[in-house]
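# Close look at the chain arrangement
The residues making up each chain are set out below.
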Amino acid sequence: MKFSIKSLIVILGYPIILLITEIIYRKIFNIAPLNRHIETYVIYLLLLLFLLLSKNKLTKFLVFLFFASSVIINSGHYAVYDNWINGTNYFLMFKEIGEVLHVGMSMLDRVAAPILYSILETAIFISALFIFPQKNKIRQYYISDILFIGLFLYLFVRSFYSTQELGITSNPSYSRVKSNFFSVGNFIGKVIPYETFDLSQVKDYFHPTPSVTSQPDVKNIIFIMGESLSAKHVNYFGYERETMPFISKLANENPNNTVLKEAYSAGLMTAISLPALFNAIPYPNGLKQIMKGDTNFFKLAKIQGFNTHFYTAQPEQTMMIMSIMGKSWMDHQITPTQLGLSPDQGINDHKLLPLLQEINLDKEKNFIVLHQRGSHGPYAEYLSEEEKIFKEGSPLDNYDSTIYNTDQLIEKIYNYLETRGKDDYVLIYTSDHGQFVTKNHYNQGTTEEDQYLVPVFIYTKNDKINQKLKQLDQCKRLFHQQLSTLVINIMGFDMPISSCEKGVINSGMITGDYGYLSVEQAKPPAFINPNRK
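What comes next is a walk through the structure.

Here is what the cut-offs are and how they apply
- Residues numbered from 1 in each chain as written.
- Predicted model: local features only at pLDDT ≥ 70, side-chain atom pairs only at ≥ 80, totals over all residues.
- Heavy atoms only, no water.
- Pairing = 2+ DSSP bridges.
- Helix = DSSP H or I, 4+ residues; strand = E, 2+ residues; numbered from the N terminus.
- Axes fitted to C-alpha atoms, helices over the stretch in contact; angles between N-to-C directions.
- 1 Å grid on protein atoms, 1.4 Å probe; cavity = no way out; pocket = protein on both sides within 12 Å on 5 of 7 lines; lining within 4 Å.
- Points joined across faces, edges and corners; volume = space filled by probe spheres on them.
- Nonpolar A, V, L, I, M, F, W, Y, C, P; charged D, E, K, R; others polar.
- Buried < 20%, exposed > 50% of the residue type's maximum accessible area, 1.4 Å probe, protein only.
- Contact = heavy atoms within 4.5 Å.
- Disulfide = S-S within 2.5 Å.
- Core = buried A, V, L, I, M, F, W, Y, C linked by side-chain atoms within 4.5 Å.

## A few points about the sheet that holds strand β12 (residues 516-520)
The strand order across the open sheet formed by 3 strands is β11-β12-β13, and the pairing between neighbours is antiparallel. Two strands close off the open sheet at either side, each with one partner strand: β11 (502-506) and β13 (526-528). Direction aside, neighbouring strands of the sheet carry axes that sit 30° apart on average. Pairing of β12 with β13 involves 3 bridges; the strand directions are antiparallel. Along β13, the bridge assignment pairs tyrosine 516 with isoleucine 528.

## What to know about empty space enclosed by the protein
For the structure shown, the criterion picks out 4 cavities of 30 Å³ or more. Of the pockets and cavities examined, the largest cavity occupies roughly 110 Å³. As for the largest cavity, its lining consists of 14 residues, and the residues nearest its centre are Asp349, Arg373, Gly374, Tyr382 and Leu383. Among the residues forming the lining of the largest cavity, the class breakdown is 6 nonpolar, 5 polar and 3 charged.

## Remarks on helix α9 (residues 245-253)
When α9 is considered as a whole, its buried residues turn out to be Phe246, Ile247, Ser248, Leu250 and Ala251. The inward-facing, buried residues of α9 contact β2 (258-264), α14 (395-419) and β9 (453-460).

## Points about the state of the cysteines
Counting across every chain of the model gives 1 disulfide. Cysteine 475 shares a disulfide with cysteine 500; S-S distance 2.1 Å. With the S-S dihedral at roughly -90°, the linkage between cysteine 475 and cysteine 500 falls on the left-handed side. With cysteine 475 in the loop between α16 (463-469) and β10 (478-479) and cysteine 500 in the loop between α17 (480-490) and β11, this residue pair connects regions lying 25 residues apart in the sequence. Cysteine 475 gets classed as buried once you look at its relative accessible area, which sits at 3%.

## Things to note about the nonpolar core
Within the largest apolar cluster, 92 residues are counted, with the highest numbers of intra-cluster contacts made by Ile221, Phe223, Phe278, Phe367, Ile458 and Met491. Broken down by element, the residue count for this core peaks at 9 residues, all from helix α2 (residues 37-53). Dropping the residues within four chain positions of it, methionine 491 is found in contact with Ser214, Gln215, Pro216, Ile221, Phe297, Leu300, Ala301, Gln304, Phe306 and Phe367. Membership of the second largest hydrophobic core comes to 39 residues, among which are Leu260, Ile368, Tyr429 and Tyr459.

Structure representation (structure tokens):
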């Protein structure tokens, strides 16, 4: 197969133009930088080859349709929701097209510019058909058509059987085409067959936006969101090392103002636990509820007039779950990237404190989430040598040092809040999940108790909240769901604090289709496989 010089210029040059338009798009509309330029170029090159070399006109149309939806729909979706579209979003878009158009028209000032820009990109892409020299009589034998269709058929099958969250979460640093590739795969390969043939054995969870019943109980809600910290390594609960001396002392000396209990996490991994926690999902298959956001912390906080803040110490490129945590309702977001680091770098958790101190807690209501790097592996990656208080340097020592470091962070934040001399806050800490770490093992994602048992710490001098916290006294262990409903309740919504009698721990996927742990107090957790008769 021979190409003329002009043909090669089109084939090799157009992907460069499209790569440049992607970079410019991100700069114009203030979107996270692209993290893989060569990969993106190769993706554009492959799409262009499919467009130019496919023999069947239907294949050419499908290539065009995929590219157009990738840039146009994604750009419009990002303008409204601050994230790329995913498979469930596609389903809800077609199911509720009237509402989608209504929202789009009401936000025309935000969506018009990025959509027009993306239409221009689409015109550039399709123009290659007219510039590519037609005199090249290339015998194709439908190879390009077969490869393009085969690629997507493979993707659909892979998505159907996949236990990964690709196509559910979105990473802003992915190109719009790459992100849409996974989303279309999830939509057609997973969502449509599951919805059409009712394949899921787990009933969808839905909850309407709760009613406002009162003004919020407190002016400032400060939620420290931990990472990978197991309650099995907290001295208050019997661990031999003194890993969390401050909160243990506070709980012993101020029992009327403090809650410190073990709790079952909402999931075995971050991508499952945090969306369930921040959306108050009590059992599996709350994915559509999460997408709608009717019980999302940040959305409800904004309804009640809170300024919403999400500050993370984790590298930006690892935060794909932002799209299902309520990113579009976060007024202020800070990642290490905004602090001058690259997207693959995180920061020491203590750098979150100055960010908190910059918020005016006296002027307006604030809902603040400080998201730690915490005890994420590699353990103690962001700790100084002085902060590694367990000195032998084993994985267990480093892990326990991160827990001690978390306790110090909580102490610093507590002291800052107390020096204000006001009782207008509630301070909350929990971890997304734990880790199974011993002298001989250090694993995550297991079903060991260390993996899903986490601490819950709550401190406030607010009498109204402390009255509500008394409901937790009878519980030997809590569930994340109780913490979720408590947060929504103290915001002033009609959301009763849930019971601690039973709950679930999500496992392989947030939909529950690959199993989950069912927990009843005083009984060992039971693994439920909904697809096993």
